[in-house]
Amino acid sequence: MDWTILIYKTIFLFIILLVTLLVAMYSTYGERKVAAFMQDRRGPNRAGPFGLLQPLADGVKMFMKEEIIPLSANRVLFILGPSIAMTTALLTGVVIPWGGIITIGGREFSLQIADLNIGILYVFAMVSIGVYGIMIGGWASNNKYALYGAIRAASQMISYELAMGMSIVALVITTGSLSLHEIVAQQHGMNWNIFYQPLGFLIFLTCAFAETNRAPFDLPECETELVGGYHTEYSSMKLGFYLFAEYINMFISSAVIATLYFGGYNMPFIDQLGLPQNVVTLLGTMFFFLKIFGMIFLFMWIRWTLPRFRYDQLMNLGWKGLIPLAIFNILATGIYYYFTELS
Amino acid sequence: MIFLFFLLSAVMVVSALFVVFSKNPVNNVIYLIVCFIAMAGHYILLNAQFLAVVHLIVYTGAIMVLFLFVIMLLNLNKAIIPQKSKTTRIMAVITGGLFFLVLLAATRQTFEILPRYPFTSTIGLVKEIGKTLFNDFLLPFEMSSVLFISAMVGAVMFGKKDDAV
Amino acid sequence: MKEISSVIQLIPLEYYLVLSGTLFSIGLMGVLFRRNIIAILMCIELMFNSVNLLLTAFSAYHSDPAGQVFVFFIMIVAAAEVAVGLSIVVMMKRNVESVDINLLNRLKW
Amino acid sequence: MANELHTDYWERDFVRTEEPKEYNTLNVGPTHPATHGVFQNIMLMDGEFIVETEQTIGYIHRAFEKIAERRPFYQITPLTDRLNYCSAPLNNMGWHMTVEKLLGIETPKRVDYLRIVIMEFARIADHLICNSVIGVDSGALTGFTYLFQSREFIYEIYEEICGSRLTTNMGRIGGFERNFSAKAWDKIRYFLKTYPAKLAEFENLLARNRIFMDRTINVGSFAADRALAYGFTGPNLRACGVDYDVRVMNPYCSYDEFDFFIPLGQNGDTYDRFMVRQEEMRQSLYIIEQAIAKLDKMDDKQTYYASDPRFVLPPKEKVYNNMEALIWHFKIVMGETDIPAGEVYHCVEAANGELGFYLVSDGGRTPSRLHFRRPCFIYYQAYPEMVKGTMLSDAILTMSSMNVIAGELDA
Amino acid sequence: MAEKQNSILTPTTAAAPEGISGQGFFATSLEKAVGLARKNSLWPLPFATSCCGIEFMATMGSHYDLARFGSERLSFSPRQSDLLMVMGTVAKKMGPVLREIYIQMAEPKWVIAVGACASSGGIFDTYSVLQGIDRIIPVDVYVPGCPPRPEQIIDGIIKIQELVGNESLRRRNSAEYEALMKKYNME
Amino acid sequence: MFKINAERNKFVVKILSDNFSEAIVQQEVILDMLCITVTKEAINPFLLFLRDNNELKYDFLTTLCGMHYPEIDQLGVVYHLHSLTNNHYIRVKTATELSNPVLPTATNIWPSANWMERETFDFFGIQFQGHPNLVRILNVDDMTAFPLRKDFPLEDQTREDKDDSMFGR
Amino acid sequence: MEKLTNRSRVVSDKKMTFLEKIYLPAIIKGMFITLKHFFRKKTTINYPEQKREFSQIYRGQHVLKRDDLGRERCTACGLCAVACPAEAITMVAAERKPGEENLYREEKYAAVYEINMLRCIYCGDCEEACPKEAIFLTDRIVASQYQRLPFVYGKELLVEPLDPDKRIDVSVRQTDEVRDFKLNKRFAHNK
């Protein structure tokens, strides 16, 4: 193994980690501002200019708060829950292509940590492990509300994973590859997959909402029914981990959506400008982040607009609505490619 | 790499032992999950990437969630089930040990006769598996889907409340 | 990727044989050891997995993808088995208020 | 101190011996976010479904009826404010009308119309909070903030009229404390002009959204005959399809001169209650418009209290100057006026239904007995029957759509 | 006008509350930073029982927007909140519930009694109403009014922010604090 | 507000005195409402008759509340009934001795009477026989007194910040 | 149930059209509403810096008025204490001694006048009950405090300052007739 590559990968890993955390941190701020603006309010504006230090204040406060582990709770699992949630949320970032190729000193570095040839499946696996964080935490609290939240989370995530997987199958038929890098490369120019897979995109988007427990699918923690859901008993930084994991998940799923359906770091009409490679890459990364922020905004926008589903309606939508649609989508895609390949 | 192998193996064996000997069902599930994640590591060592990820998705992401789900749903968290009698347990350990010895002995016989093929690094990848699956094993594949559907129907039937059956 | 496959050759296949044998024995022991039907199911999963591991190892050492396809099938069967098994557990719990395997020897409830 | 309080509230449980182990109890309240006010529902749950509910109330019991026996009549007005604090003026006016009925005070027409304006505003304010809270409980917080801006505007109108925002102590026996200022009229007119659009916007946000409709339709529905047996009144009864409205059946305060219709629902589910309240707000606006038109037609712009020197405080300038007025002032404030003995029942159509006052006077300075017919208290007991067999989420929406106000519930 | 009121009061009557004054209580610079963070992130637990709860809704609403102070994340779970806002009448039946919630809250925790009823019983001087929640839990700030205007509630929150910002990290371990808790029969 | 419907009142009184001549203690019209006092033995059939009679149809229990008459040592219950179809109100009173306050329940006639009777029990200590769950509703369970009886003090005895001498009460 | 009146109308429509059934149109409509608000001017009042306009007759902190000559108007008749539903007013009356005529208007005055601001419900009954134009509520709000005791406002906080510039104008709270009366020097207050 080449040492420069190794060092580069390590540094890049840390950068991605930092960026993820930073974005997640400021998503909390963004969420509050977006909510405020949609509700004709101003939102946090006391901590620092425009309230920009708000996430910092929240973080410091949570760190300094007393940790309570209920006597009746299972101590190990109680701590394990948020850790799993946080870890799995962070792990997904490694396969996402954050940008093209950058050349430093004649060497080419790819702005992707690991180009797995089964990148999508990896993302999928991490998402499916993520549910443990919520389940274990909710169960270990030994609180009825938390247990309800945990059970809801588990069944919701299992159900929506299916539809999500199927929408990806259709996408894979279109792209012919499971590698995120290749999928992005194929969407060069304006060949974005959303134009080829609009239905798949809708299904994937819906499932992404469900998998990240965001409204209108925020049943595991819905405040008015289950108080805090799975994190009812959590205080201090363990709560912070849970809240944080939600935003990290949101960021990562936005990134995945942007990669899969919106061409990743591809910028339309960039080729015509004839810019140097590095500049193109940087611009592409910036554009990618722009897309991600757009998606995050969509997440928030929907959260502050829609009422939430009821548990059985959510299940109905998943099993009777999205899965048949996804199967139909696979069939339609398959038939289309069958005939176009023939000709 | 051999170090990695031993590490993963140790994790697997220890957590498997815990699965057997820990009384709390939830702890059992957690240890089994740890075991399975180590198993995924082994798959990656064997360059079976596709299998590793599918293993994670199917075993860790679905089957074990199901286990956990059922345990939570039925509220089985307390180790209320009495253990088997001491003699039975000792017998179980002895049986397991003996079986292990037998297996070990059997493997010893095969030590030298294993042919070594040159490695091709692509067989663990999706393309190769896909080709084999859909060329040589198409019929079993379809059959397995039938099996799966029948299992689902059966599960739904079982899971229904009494009056509906 | 190349590096990994070359390194694997350092690990003799026998290691995998022993490992999977160990796991299988532990699983077997668990089946005999426990009375909790869920724990028994889990031990069965463990045994499945030891077989899977061995199949994959053979497949990798023989460069034959068929072994991995078998693993794939085993996973499907395992999933089906777990679905049915757990629903039986749920039903059992509902009817006899317990998941003790010894209660099943009555063959009725 | 704390030791004298009983401390076993969390140990309560269903006393069921043969209950299968699958059920578990869920303690919703007393500080659950959905119980808005303070009441406890111990729910026996079969998974997500509710098998049985046991209610505990009284967590803010304040002994209104006892206090009322120790206070002169005019001092009861602030108490009625705190009955249904979402629509305080309505309660005030109801109380004043009850006393006027006992004392035999005839109020001038202008006072009637002013009262109608205020009462309908109070109704709007109450329905507005109820409907927006249905939105909040179903997860859509934004609609709440939109509607609450209108409520703030109603507060401003109150403030312009009486000087308080929520618990207004508005009005006096025989009329009002002070005349409406020009600024108040401006604000009222501005509100009438802008509110329908805001209401429509809120309705667009929720009413035809399938998620919301699925959440509310056939949730907590209640048959009309059961509703009557349980003493439902107000929007909840009308949602069941019974067109009982005190304003129409027994018009008080000149309501018979006004033209409006009674909105009805179909089968008394949450969606019906939501829609009935939405329409009632529109009808209230319509009534206010009519009242303002009538007021504008009147030449008299000054009368704001009934001229009955026995019970109504004399004007301040007379008190300052005129000895006789001062003596009357003292007598009335000290509560030494000759209140006739007798008993009277009066009811008004409050935001939650028929708000009744049963007043018994023995001629003393205080009522000898005052009983409030609190609509919430009476219809909330049907809640277990309404939510039986539904899901937890339904129960929460049913509760918020019933608009149970803790102050009114516990009195 | 509120400030004018303050200036009249501060020198004579508004001494620092007990458990806050005393040696070692005034913060060092690290503590200042922590205090700054804490005060800008007070997550309230609205214990809204009656009228004042509606005014609290108004405070959360668009016109007053408590979010500006970083406290719009209501958490109904006592573990997660920093500030217990008791709004409305607390009857004797409710007393133990309130006390339990206070005990369940994670340190550091503060309490505001909003409105006449919570602070002193207000007009409900009756057999069933607790005459001020300070009989069962320690209160940091009292907000008068029946119900208080949102402005007053915000004033109360600003007041508590001052308190939080100046609080030393060691306060919760101090003897004074323990004595305060002991007074209320806690821990 | 209620129109004094003298004819209707007379009609109701006639039907009632035909059927319950010995049970009716007193009937009068106070201000705008017909008010009938019934002995406590007859109260349950009387209410049932009011509800089920086709011409009366007092099918809606508006409110139910207790009373305390300290001068004659009696506890009473007042029912306000409303006939929605005829739009007519009636007030029914009954009383029982303070020493043995027992009355039949009305929960078998109107389910809505359930809580109102519990409240009355809570406030006055009137035992409603046949009530499914006659326990305190608003006050704490371990309270022994009945607060709305006239001899019970209103004020909280622990209040410190008040100088009673000021108010002449 | 037959209809009781002929003025009713059914208002809820529970039939969903196809467009409503597929979720999306309503969701997009709702999203546009929220987006419209996103760009709208915010209604928030930045409270401590920026104050909302109070009504002139707002019921806030009380003031004990002085008359034009700076004498306290209150004569300790006790009506306000009687009228107070919260029993928040405490007063001790005293006889005016010779030489204090420039301090107190009447022969009797309140030596102690305390309002428990924490008990007070700001209902305005005291203002209405006062026959001497002495107590008024103002549009100042009462500040919150760390302790309960300082809320008992004594005369030093209630009586308005002597300085004519710092007097509190309450004339807007009075009716036109009262204002006419005060302008008209022909009438005098009761002695």
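These lines cover the structure that appears in this document, whether it is placed above or below. Treat the numbers as computed from the prediction; the structure is a model and nothing was measured. (Residues numbered from 1 in each chain as written. Chains lettered and ligands numbered in written order. Predicted model: local features only at pLDDT ≥ 70, side-chain atom pairs only at ≥ 80, totals over all residues. Heavy atoms only, no water.)

A word on the overall build of chain E. Along its length, chain E carries seven helices and four strands. Sequence separation of 24 or more characterises 80% of the internal contacts of chain E that already satisfy a separation of 6 or more. Summed over its atoms, the accessible surface of chain E is roughly 5,100 Å², and 57% of this surface lies on carbon and sulfur atoms. (Helix = DSSP H or I, 4+ residues; strand = E, 2+ residues; numbered from the N terminus. Contact = heavy atoms within 4.5 Å. Areas by Shrake-Rupley, 256 points an atom, 1.4 Å probe, with all protein chains shown as cover.)

Across the boundary between the two partners, chain E contributes 31 residues, which contact 30 residues of chain A. When chain E packs against chain A, the two sides together hide about 2,500 Å² of surface, and 54% of this comes from carbon and sulfur. Interface area lost by chain E to chain A is led by E:Arg68, E:Arg79 and E:Gln80, which between them contribute 25%. Its salt-bridge partner being E:Asp82, residue A:Lys65 comes within 3.0 Å of it at the nearest N-O pair. Joining chain E to chain A, the criterion identifies 19 residue pairs in polar contact (both at pLDDT 80 or more). With three residues, the top contributor of residues to the side of chain E that touches chain A is helix α2 (residues 29-39) of chain E. Residues belonging to the side of chain E that touches chain A are distributed by class as follows: twelve nonpolar, eleven polar and eight charged. (Buried area = accessible area lost by both parts, 1.4 Å probe. Salt bridge = Lys/Arg side-chain N within 4 Å of Asp/Glu carboxyl O. Polar contact = N/O pair within 3.5 Å; in protein donor to acceptor, adjacent residues only side chain to side chain. Nonpolar A, V, L, I, M, F, W, Y, C, P; charged D, E, K, R; others polar.)

All right, on to the packing of aromatic side chains then. Enumeration over the complete set of coordinates arrives at 73 aromatic pairs over all chains. Plain terms: the ring middles of A:Phe37 and G:Phe38 are 5.6 Å apart, the flat faces sit at 50° to each other, and that makes the pair tilted. Here A:Phe37, found in helix α1 (residues 3-38), pairs with G:Phe38, found in helix α2 (residues 24-38), and the two come from separate chains. Assessed through its relative accessible area of 28%, A:Phe37 is described here as partly exposed. Ring centres of A:Trp98 and A:Phe251 lie 5.9 Å apart, and the angle between their planes is 15°; this geometry places the pair in the stacked category. (Phe/Tyr/Trp six-rings, centres within 6.5 Å; stacked < 30°, edge-to-face > 60°. Buried < 20%, exposed > 50% of the residue type's maximum accessible area, 1.4 Å probe, protein only.)

No other pair among the 13 pairs of chains in contact exceeds the contact count of chains B and C. The least C-alpha distance between chain C and chain F, which are not in contact, is 32 Å. Structurally, chain B and chain G remain out of contact, their C-alpha atoms never closer than 28 Å.

With that out of the way, let us pick up helix α5 (residues 126-135) of chain B. Of the residues making up α5(B), those classed as buried are B:Ile129, B:Gly130, B:Thr132 and B:Leu133. Buried residues along α5(B) cover an arc of 170° about the axis, so they all sit on one side. Turned more than 90 degrees off the buried face of α5(B), the exposed positions are B:Lys127, B:Lys131 and B:Asn135. Check the buried side of α5(B) and you find it contacts α3 (49-73) and α6 (138-159) of chain B together with α4 (66-96) of chain C. (Arc of directions from axis to C-beta.)

Attention now goes to the sheet that holds strand β1 (residues 44-48) of chain E. Residues and elements named next belong to chain E. Within the open sheet, the four strands sit side by side as β1-β2-β3-β4. Their pairing is parallel. Looking at which strands have only one partner, the edges of the open sheet turn out to be β1 and β4 (141-143). The average undirected angle you get between the axes of adjacent strands in this sheet is 20°. Two elements, strand β3 (residues 110-114) and β4, share three bridges in a ladder whose sense is parallel. Bridging across to β4, Ile 112 finds its partner in Val 141. On top of the sheet, helix α4 (residues 95-104) reaches β1, β2 (83-87) and β3; it is set at about 165° to β2, its chief contact. (Pairing = 2+ DSSP bridges. Axes fitted to C-alpha atoms, helices over the stretch in contact; angles between N-to-C directions.)

All names here are of chain D. Across the sheet, three strands lie side by side as β5-β6-β7; this open sheet has antiparallel pairing. Of all strands in the sheet, those with a lone pairing partner are β5 (342-350) and β7 (369-373), marking the two edges. Direction aside, neighbouring strands of the sheet carry axes that sit 10° apart on average. Direction of pairing for β5 relative to strand β6 (residues 353-361): antiparallel, over a ladder of nine bridges. Of the residues in β6, the one forming a bridge with Val 344 is Leu 359. The sheet contacts of helix α3 (residues 88-103) involve β5, β6 and β7, and relative to β5 the element is tilted by about 150°.

As a further point, take a nonpolar patch on the surface. There is a patch of nonpolar side chains on the surface, built from B:Ile2, B:Phe3, B:Leu4, B:Phe6, B:Leu7, B:Val11, B:Val34 and C:Tyr15 and spanning about 670 Å² of accessible area. The residue B:Phe6 is located in helix α1 (residues 2-21) in this model. The exposure class of B:Phe6 is partly exposed, given its relative accessible area of 44%. (Patch = residues over 30% accessible without salt bridge, like charges linked within 9 Å, V, L, I, M, F, W, Y side chains within 5 Å.)

This next bit is on the environment of F:His88. All names here are of chain F. Along the chain, the position of His 88 falls in strand β5 (residues 88-97). On a C-alpha basis, the gap between His 88 and Ala 6 in space is 11 Å, while along the polypeptide they are 82 residues apart. A distance of 2.7 Å separates polar atoms of two side chains, one belonging to His 88 and the other to Asn 9.

So, about unusual backbone geometry. Cis geometry is found at the peptide bond from E:Cys146 to E:Pro147, where omega equals -10°. By the element assignment, E:Pro147 lies in the loop between β4 and α6 (150-165). Backbone geometry at D:Asn218 places phi at a positive 60°, although glycine is not the residue there. Phi is positive for G:Tyr122, close to 55°, though the residue is something other than glycine.

On to the interface of chain C and chain B, then. Tallying the contact residues gives 81 residues for chain C and 85 residues for chain B. Of the roughly 7,800 Å² buried between chain C and chain B, counting both surfaces, carbon and sulfur atoms make up 79%. Summed over the three residues of chain C that lose the most area to chain B, namely C:Phe33, C:Met42 and C:Met75, the buried surface amounts to 9% of that side. At the junction of chain C and chain B, the tally comes to zero residue pairs in polar contact (both at pLDDT 80 or more). Every element with two or more residues in the side of chain C that touches chain B is listed here: α1 (2-8), α2 (13-33), α3 (37-62) and α4 of chain C. In terms of residues, the side of chain C that touches chain B owes the most to one element, α4(C), which gives 25 residues. In the side of chain C that touches chain B, the residues fall into 55 nonpolar, 18 polar and eight charged.

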